[in-house]
Amino acid sequence: MKITTLANYHQSYKESIDQPEVFWARVAESFSWKRKWDKVLDWNFSEPKVKWFEGGKLNITENCLDRHIETLGDTPAIIWEPNDPEEHHRVLTYKDLLFKVKQFANVLKNNGVKKGDRVCIYMGMIPELPIAVLACARMGAIHSVIFGGFSAQSIADRLQDARAEFIITCDGAYRGAKDIPLKAVIDDALIACAFVKRVIVCTRTRVPVSMIKGRDVWWEDEVKKVETQGNPDCPAEVMDAEDMLFILYTSGSTGKPKGVVHTTGGYMVWTAYTFQNVFQYQPGQIHFCTADIGWITGHSYIVYGPLLSGATSLMFEGVPTWPDAGRFWEIVDKYKVNILYTAPTAIRSLMGFGLEYVKDKDLSSLQVLGTVGEPINAEAWQWYYKNIGKENCPIVDTWWQTETGGVLISNLAKITPQKPTFATLPLPGVNPCLVDENGKEIEGNGVSGNLCIKTPWPGILRTTYGDHERCRLNYFATYPGLYFTGDGCLRDEHGNYRITGRVDDVLNVSGHRIGTAEVENAINMHAGVVESAVVGYPHDVKGQGIYAYVITEGHHSNENQTRQDIIQTVARIIGAIAKPDKIQFVKGLPKTRSGKIMRRILRKIAEGETSNLGDTSTLLDPGVVDEIKAGAL
Ligand code: WT7
């Protein structure tokens, strides 16, 4: 299953495209199945329908945990570094983790959770978060993790969409100098979600919380109940390969976030295969992915990929800049981290603090560096390569999406060549193409277009929860017969891919995906706002910043106050990650005669371009453009 040479990569790639079923059957055989599949792949992109390993039965936690116990029982599965460097770290061996996962799966059963139920997990980055995730998978519940930065309203939207009746949360979470009152946010969310039957609250910050009788219980009390039952075993539920494993909400160009659905067998094969090959993981290595488990990166490369591979996964509760900007490097030295996987936005932010925080660090344990989430600029790439990798560590630039389950395009560490700012080549099983606006494939090298994928890989999303048609429209209808990524891309003369960013109305702010329509809806909820248009603009650290053009009723006495109020509303409706960086008050928006906002013009003005705005003759009132230009921030 492991690619070991460049020739081997080309050979595997060719076989995976020529004979996908043969190729993936061989990879899948290395896992433990309770029943073998009848058919490796059944698909068509027009419905869409994708089924991998149909008829196969398994439980992913047996593959993550049980099967490693004999050889790796006493090996650390998870090392946890707390927010406060003075607090003691925790180590969970494979044995410990299996014990706790079974125990908590029994807690879930005692609390009425049944196979197929949706369980929302809203926690900080403590070991109980992956324990909760795996406990759901153990007993066949579908987990839906929500990032701890989302607001009560965002949680309520997701709970309603998934009809999740069970919640696992914490009293609070520590992130840098901040305490986040998670349970209080859940309480607000549940005002609109009376169908929620049970909230299990894990203790972390000991902030006072209100516990609602009959609904809320403490994690620790529930675990004690299981202990007094003598800690009964928890056999792994037998799951179909195509049973849902989890839902993860993500933003699109329209409407509310959609619940991306991943299923058991294909996701397992894909996360393990990509983890081992992209990072070239070797037994005994310590893997540190700095993402939050609330995002797909954490699901695939803190929890599932590493555990499926018997690796040691380091999880960090805090933030890169607290207590100071040397925190990542301190952690690398403390645990002798071998693989470091982080986001360009973190690199750019730390780069901004200067080399002072790096110079007294050793970092010699590092062997492989990775980036994910957004295009990495050349300057950040070089800084990472030189100062962190000491020009000794390859950087894998991994392009993928929530919908793809795992990495699709990346160099393989020390196996395939790296090229700064390029994700480079597709992994085996990935069949990319570039198309023009009409969906016509652009062949050859040295070209650019919209990035699509022609055939399914095991980790592709199966549906969007509760709305299969939305899945079809979003990903499979723009260019019939193809999966459309939403990204623009260029292919160099050697066939290396470079992802240039979203071509739809989706922003990437500090590696977080935010729909412009979502931000507009939130702004429009603010009293006095008539209309708004949101675009992205280049931001030195965040990659993209959020620029909002807002029309308000009449005059406001204090523009800055109104700005702050609008920002507050957005934080309430979506979460702090969606706060606009700039708000420009305007009298009108550039609209075509049919009423469509010409975002192209707004984007250019937000970028600071004032002369070359392109054709404005189709505008209903070309005069608004001058007014907007004059007031640009
Ligand atoms: C979007 C997906 C993949 C997990 C984290 C983000 C952008 C992702 C890269 C990269 C350039 C990248 C794309 C993609 N993106 N990785 N290596 N180079 N762009 O997951 O929230 O689903 O966002 O992130 O635009 O479509 P996500």
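> Outline the pattern of salt bridges, listing residues and values.
Within this structure, the stated rule accounts for 40 salt bridges. One salt bridge connects Asp 504 with Arg 502, and the closest N-O pair in it is separated by 2.7 Å. Judged by its relative accessible area of 24%, Arg 502 falls in the partly exposed class. In this structure, a network of salt bridges that share partners links the residues Lys 183, Asp 187, Arg 215 and Asp 216.

> Could you give an account of the domain arrangement of the protein chain, naming the residues involved and the relevant values?
Interface size is often expressed as the accessible area that is lost when the parts come together. Per the domain assignment, the segments of the protein chain are domain 1 (62–73 + 94–237) and domain 2 (510–630). Placing a centre on the C-alpha atoms of domain 1 and another on those of domain 2 gives a separation of 38 Å. Taken together, the contact pairs six residues of domain 1 with seven residues of domain 2. Between domain 1 and domain 2, a total of about 460 Å² is buried, with carbon and sulfur atoms accounting for 56% of that surface. The tally of links from domain 1 across to domain 2 stands at zero salt bridges. Applying the counting criterion to the domain 1 and domain 2 interface returns five residue pairs in polar contact (both at pLDDT 80 or more). Residue classes in the side of domain 1 that touches domain 2 are distributed as two nonpolar, four polar and no charged.

> Hey, could you go over the packing of aromatic side chains for me, with residue numbers and the actual values?
We describe a pair of aromatic rings using the distance from one ring centre to the other and the angle between the two ring planes. Counted under the stated rule, the structure contains 37 aromatic pairs. Measuring from centroid to centroid gives 4.9 Å for Trp 381 and Tyr 385, while their planes differ by 25°, and the two rings are stacked. Here Tyr 385 and Trp 381 lie together in helix α14 (residues 378–388), a separation of four residues that amounts to about one turn. Tyr 385 matches Trp 381 in its accessibility class, with the two residues each being buried. A connected cluster of aromatic rings, assembled from ring pairs, spans Trp 43, Phe 45, Trp 457, Tyr 475, Phe 476 and Tyr 483. Taking NZ or CZ as reference, Arg 158 lies 4.4 Å from the ring centre of Phe 150, over its face. Across from the ring centre of Phe 195, 4.1 Å away, lies the NZ or CZ of Arg 163, which sits over that ring.

> So, the state of the cysteines: which residues are in play, and what are the values?
Tallying each qualifying case throughout the model produces zero disulfides. Cys 120 supplies the cysteine sulfur nearest to Cys 193, a cysteine that is in no disulfide, at a spacing of 9.3 Å. A residue is classified by how much of its surface remains accessible, and Cys 193, at 2% relative accessible area, is buried. Cys 234 forms no disulfide, and the closest cysteine sulfur to it belongs to Cys 136, at a distance of 11 Å.

> Which residues make up the sheet that holds strand β20 (residues 395–398), and what are the values?
What the seven strands build is an open sheet, ordered β5-β4-β17-β16-β18-β19-β20; its pairing is mixed. The open sheet terminates on both sides in strands that have one partner only, identified here as β5 (90–93) and β20. In this sheet, adjacent strand axes meet at a mean angle of 20° when their direction is disregarded. Where strand β16 (residues 286–289) meets strand β18 (residues 339–342), three bridges bridge the pair, whose relative direction is parallel. Along β18, the bridge assignment pairs Phe 288 with Leu 340. Here helix α5 (residues 94–110) sits on the sheet in contact with β4 (76–81) and β5, set at roughly 85° to β5. Together, β4, β16, β17 (312–316), β18 and β19 (368–372) form the strand contacts of helix α11 (residues 296–308), whose direction differs from that of β16 by roughly 165°.

> How would you summarise the site of the ligand if you had to cite specific residues and measurements?
In the vicinity of the ligand lie 17 residues, with Asp 397, Thr 398, Thr 402, Asp 487 and Arg 513 positioned nearest. One of the backbone N or O atoms of Thr 398 is found 2.8 Å from a nitrogen atom in the ligand. Measuring from an oxygen atom of the ligand, one finds a side-chain N or O atom of Asn 508 at 3.5 Å. Elements with a minimum of two residues in the shell around the ligand: α11, β20 and β25 (497–502). Counted by class, the shell around the ligand contains six nonpolar, six polar and five charged residues.

> Describe the sheet that holds strand β22 (residues 447–453), and please don't skip the residues or the numbers.
Strand order in this open sheet of four strands is β21-β22-β24-β25, and the pairing throughout is antiparallel. Edge strands, defined here as strands with exactly one partner in the open sheet, are β21 (432–435) and β25. Going across the sheet, the axis of each strand differs from the next one's by a mean of 45°, ignoring polarity. In terms of strand pairing, β22 meets strand β24 (residues 483–491) through six bridges, oriented antiparallel. Within β24, the residue paired with Ile 453 across the bridge is Tyr 483.

Thresholds, definitions, all that
Residues numbered from 1 in each chain as written. Predicted model: local features only at pLDDT ≥ 70, side-chain atom pairs only at ≥ 80, totals over all residues. Heavy atoms only, no water. Salt bridge = Lys/Arg side-chain N within 4 Å of Asp/Glu carboxyl O. Buried < 20%, exposed > 50% of the residue type's maximum accessible area, 1.4 Å probe, protein only. Domains from an automatic or database assignment. Contact = heavy atoms within 4.5 Å. Buried area = accessible area lost by both parts, 1.4 Å probe. Polar contact = N/O pair within 3.5 Å; in protein donor to acceptor, adjacent residues only side chain to side chain. Nonpolar A, V, L, I, M, F, W, Y, C, P; charged D, E, K, R; others polar. Phe/Tyr/Trp six-rings, centres within 6.5 Å; stacked < 30°, edge-to-face > 60°. Helix = DSSP H or I, 4+ residues; strand = E, 2+ residues; numbered from the N terminus. Lys NZ or Arg CZ within 6 Å of the ring centre and 35° of its normal. Disulfide = S-S within 2.5 Å. Pairing = 2+ DSSP bridges. Axes fitted to C-alpha atoms, helices over the stretch in contact; angles between N-to-C directions. Near = heavy atom within 4 Å.

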